[in-house]
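# Architecture at a glance
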Amino acid sequence: MTPRIPIKRTATLILAPLLASGVVACGSTVSTSSFKGPSQAVAKRIAEFQSDVTAGEKNKLCNRDFASAVQARLRAAGGSCVEALKNQLGAIDDYELTVKSIAVHGTNATASVKTTWSGKQRLSTLLLVKEGGSWKIASLQ
């Protein structure tokens, strides 16, 4: 079973490099039950990220979901990570994402995702890193 995740897409300069295929949202949750072992922890992070975007939890996004390098990029745009996200979360439209697979390699993980936006499908890779014992979202290729 492939978990489907309705998500939202940002076209803004700050999050576009991180999440070129979208920002998770719209209230549905990622199914973590189809993943086992370390992959399940990665799926859980993606689910928490989705929940935090849906709820507009800028503090959780900055402090729990994003890797330190992503936080630094957001701060570099001016102000704090939280301040940078205030505008970003308002510039999002509906989007859909499906997690196809997750591979864990030590402190790095990749999640293969299929996205659909404006009727166009795209395969992308969500990169995560383990920082301080927790998986964090690092980028999307």
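Before any of the text, the structure's been laid out above.
The sections below set out a description of the structure shown in this document. The model shown is predicted, which means the values in this text are computed figures rather than measured ones.

## Digging into helix 3 (residues 68–76)
Owing to its 3.6 residues per turn, the α-helix aligns residues three or four sequence positions apart on the same side. Where helix 3 is concerned, the buried positions are Val70, Gln71 and Leu74. All buried residues of helix 3 fall inside an arc of 100° around its axis, so they share one side. Positive phi shows up at Gly78, right after helix 3, with a value of about 120°.

## Describing the side chain of Ser39
Along the chain, Ser39 falls in helix 1 (residues 38–54). Overall, Ser39 belongs to the buried group, its relative accessible area being 13%. Within the structure, Ser39 has its side chain in polar contact with the backbone oxygen of Ile102 (distance 3.5 Å). If near-sequence neighbours (up to four positions away) are discounted, Ser39 is found in contact with Ile102 and Val104.

## What about the pattern of salt bridges?
The final tally for this structure, using the stated rule, is five salt bridges. For Lys44, the salt bridge is made with Glu48, and the minimal N-O distance between the two is 3.7 Å. Placement of both Lys44 and Glu48 in helix 1 is noted, with a separation of four residues, approximately one turn of the helix. Relative accessible area serves as the criterion here: at 48%, Lys44 is assigned to the partly exposed category. Close ionic contact of Arg45 with Glu48 constitutes a salt bridge, the shortest N to O distance being 2.6 Å. With Arg45 and Glu48 both in helix 1 and three residues apart, this pair spans about one turn of that helix.

Rules of the game
- Residues numbered from 1 in each chain as written.
- Predicted model: local features only at pLDDT ≥ 70, side-chain atom pairs only at ≥ 80, totals over all residues.
- Heavy atoms only, no water.
- Buried < 20%, exposed > 50% of the residue type's maximum accessible area, 1.4 Å probe, protein only.
- Helix = DSSP H or I, 4+ residues; strand = E, 2+ residues; numbered from the N terminus.
- Arc of directions from axis to C-beta.
- Polar contact = N/O pair within 3.5 Å; in protein donor to acceptor, adjacent residues only side chain to side chain.
- Contact = heavy atoms within 4.5 Å.
- Salt bridge = Lys/Arg side-chain N within 4 Å of Asp/Glu carboxyl O.

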